[in-house]
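Here's the letter readout for the chains.
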Amino acid sequence: MLTGKHIALYVSGGIAVYKAATLVRTLIKRGAEVRVALTQGATAFVTPLTFQTLSKHDVYTDRFKQFDAEHVAHIDLADWSDLAIVAPATADVIGKMANGITDDFVTTALLATTAPKFVAPAMNNHMLASAAVQRNLKQLQADGVTLIDPETGFLAEGYEGKGRLPEPETIADFVEVALLQQAPNLPFAGKQFVITAGGTQEKIDPVRYITNKSSGKMGYALAVAARDLGAKVTLITASDLPNPFGMTVVQAPSAEEMAQQVFDRFQASDVVIMAAAISDYRPVQPATEKIKKQAGHQELVLTLTETPDILAQLGQTKQHQLVIGFAAETQHLLDNAAQKLARKQADMLIANDVAAANVGFDYDTNAVTILRPQEAPLKLPLASKTVIAQQIMEIIRQMRFNA
Ligand SMILES: Cc1cc2nc3c(=O)[nH]c(=O)nc-3n(C[C@H](O)[C@H](O)[C@H](O)COP(=O)(O)O)c2cc1C
């Protein structure tokens, strides 16, 4: 949350300056107080009046202009701020920051502030890829600055490339998550969580596959909930939902790929949650060319073979890890789930009745029953997947990380 935070927004002279005006609004809407400093370059694109009106504060543009005799303006802003955001950050400002050059208000205040710094580079893709800019960005990271990765898309130059300033909402989300993760005493701080999500796709031929109705929403909600409690999350996904911030996201479209990714990380993990709907079977031999319709053949036989049983292998080989599975059932929910819990030697099984209204695949809501060895089933009634994920994290915390 940004409520009550003092944010200094440093704006430099790139074409994306127009987005910085909306960013002021977005940060204020999220509860922050914002003060803005502009480079001379930035004032060539947008006047200080825009930022003054939006932030309801004087705007800093000139290092030798002092607003009152008692305070040196750049030190005043540097000391006032809880965090500093540079957006857009030009190649020029990045270079100056990386080398301690202070030849205007923005760079002088940035050097003087001890607040956490977030830098959002925005420039032409070739400028961004240049050796000098890459060297300077690495230096900033080494100096403890958090970079907000530029996006790939349509550039002002009229062609596609990496270098776009992310949308203001995205920048605000990024900053919120980063601040949250820096908070002290988070229950999962330093713990490695591996979470799978989405329905796998098992290739029939180059254009067809077998899949299921899983959207990945529950797995993503779990990943976000674990991240917000300080975990280092690797989300292994077969879904194309947008990547959440503050975690490693690995695409694994098929059961085989998912198995490989999970097994590779198992040893180093503390908690593994298998929320993906992994196909139990896959075509034995996917066709290398598109399968054609054959005249006179009313039936086509696909031969399937079993995919790796990831949960069972984790259950058999676990040492210190907490292994959690999901059971999506359409009948005899608790009996089937209890059998699965024992068969897979999991530490927890989260059962959901996907035949019930508003539950399971593709919905934003879920209702689950938590099964654990030697414990009575625990029902979590219908709620958003976000809330269900937070409740599951609380149960994990009590089971393993109860300080
Ligand atoms: C139309 C125009 C657009 C520009 N866009 C960018 C940009 O997106 N990113 C960048 O790093 N520089 C861009 N530049 C170059 C900077 O404006 C230039 O390097 C300037 O010296 C930056 O000054 P500042 O960093 O003090 O704001 C642009 C220049 C012009 C004329």
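Cut-offs and rules
- Residues numbered from 1 in each chain as written.
- Predicted model: local features only at pLDDT ≥ 70, side-chain atom pairs only at ≥ 80, totals over all residues.
- Heavy atoms only, no water.
- Pairing = 2+ DSSP bridges.
- Helix = DSSP H or I, 4+ residues; strand = E, 2+ residues; numbered from the N terminus.
- Contact = heavy atoms within 4.5 Å.
- Axes fitted to C-alpha atoms, helices over the stretch in contact; angles between N-to-C directions.
- Near = heavy atom within 4 Å.
- Polar contact = N/O pair within 3.5 Å; in protein donor to acceptor, adjacent residues only side chain to side chain.
- Areas by Shrake-Rupley, 256 points an atom, 1.4 Å probe, with all protein chains shown as cover.
- Nonpolar A, V, L, I, M, F, W, Y, C, P; charged D, E, K, R; others polar.
- Phe/Tyr/Trp six-rings, centres within 6.5 Å; stacked < 30°, edge-to-face > 60°.
- Buried < 20%, exposed > 50% of the residue type's maximum accessible area, 1.4 Å probe, protein only.
- Parallel < 35°, antiparallel > 145°, perpendicular 65-115°, else oblique.
- Left-handed = near helix turned anticlockwise from the far one by under 90°.
- Core = buried A, V, L, I, M, F, W, Y, C linked by side-chain atoms within 4.5 Å.
- UniProt positions renumbered as here; feature names shortened; annotations may be inferred.

**Thoughts on the sheet that holds strand β4 (residues 117-121)**
Pairing is parallel in the open sheet, where five strands are placed in the order β2-β1-β3-β4-β5. Strands at the two margins of the open sheet, each flanked by one partner only, are β2 (33-38) and β5 (146-147). The pairing of strand β1 (residues 6-11) with strand β3 (residues 83-89) spans four bridges and is parallel. Of the residues in β3, the one forming a bridge with A8 is A84. Lying on the sheet, helix α3 (residues 48-55) is in contact with β1 and β2; it crosses β2 at an angle near 170°.

**Overview of the site of the ligand**
In the region of the ligand, 14 residues are neighbours, and G13, T39, T90, A91 and D92 sit closest. Between G13 and the ligand, the recorded distance is 2.6 Å, taken from a backbone N or O atom to an oxygen atom. At 2.9 Å, a backbone N or O of A122 approaches a nitrogen atom of the ligand. For the ligand, whose free accessible area comes to 640 Å², the fraction covered by protein is 61%. In terms of residue class, the shell around the ligand is built from seven nonpolar, six polar and one charged.

**Focus: the packing of aromatic side chains**
Within the structure shown, the criterion is met by seven aromatic pairs. Aromatic pair F174 and F245: ring centres 5.4 Å apart, planes at 80°, arrangement edge-to-face. Linking F174 in helix α9 (residues 168-181) with F245 in the loop between β11 (232-237) and β12 (248-251), this pair joins segments that are 71 residues apart in sequence. We classify F174 as buried; its relative accessible area is 16%. Residue class for F245 comes out partly exposed when judged on its relative accessible area of 24%. Relative to F401, the ring of F188 lies with its centre 5.3 Å away and its plane at 65°, an arrangement referred to as edge-to-face. Placement of F188 in the loop between α9 and β8 (192-197) and of F401 in the segment after α14 (385-400) is noted, with a sequence separation of 213 residues between them.

**Here's the deal with the packing of helix α10 (residues 217-228) against α14**
Following both chains from N to C, one finds α10 and α14 inclined at 50°, their axes separated by 8 Å at the closest point. Here α10 is positioned oblique relative to α14, judged by the angle of their axes. In terms of crossing hand, the pair formed by α10 and α14 is right-handed. Of the residues in α14, those touching α10 at K217, M218, A221, L222, A225 and A226 are K385, T386, I388, A389, Q390, I392 and M393. Residue composition of the contact of α10 with α14, grouped by class: nine nonpolar, two polar and two charged.

**Notes on the nonpolar core**
Counting residues in hydrophobic clusters, the biggest one holds 34 residues, and the most contacted among them are F193, I195, L222, I273, I392, M393 and I396. Tallying contributions element by element places α10 first for this core, with seven residues. Excluding residues within four positions of it along the chain, I195 makes contact with G219, L222, A223, A226, V233, T234, L235, I236 and I273. In this structure, L2, L23, A32 and L179 belong to the second largest nonpolar core, which totals 33 residues.

**A few points about the UniProt feature "domain: Flavoprotein" (unreviewed entry) in the chain**
Per the UniProt record, the feature "domain: Flavoprotein" (unreviewed entry) sits at residues 5-175. The distance separating the terminal C-alpha atoms of residues 5-175 is 12 Å; by composition the span is 44% helix and 20% strand.

**Quick look at the UniProt feature "domain: DNA/pantothenate metabolism flavoprotein C-terminal" (unreviewed entry) in the chain**
Residues annotated in UniProt with the feature "domain: DNA/pantothenate metabolism flavoprotein C-terminal" (unreviewed entry) correspond here to residues 189-398. Annotated as residues 189-398, this span is 28% helix and 29% strand, and its ends, taken at the C-alpha atoms, are 15 Å apart.

**Considering the sheet that holds β12**
Taken in spatial order, the eight strands of this open sheet run β12-β11-β8-β13-β16-β17-β18-β19, and their pairing is mixed. Sheet topology places β12 and β19 (378-384) at the edges, where each strand pairs with a single neighbour. Between one strand and the next, the sheet's axes are offset by a mean angle of 20°, whatever the strand orientation. Relative to strand β13 (residues 271-274), β8 is paired through four bridges, and the arrangement is parallel. Counted as the bridge partner of I195 is I273 from β13. Of the strands in this sheet, β8, β11, β12, β13 and β16 (322-329) touch helix α11 (residues 255-266), which is tilted by about 160° from β11. The strands touched by helix α12 (residues 310-317) within the sheet are β13, β16 and β17 (348-353), with β16 carrying the most contacts at an inclination of about 150°.

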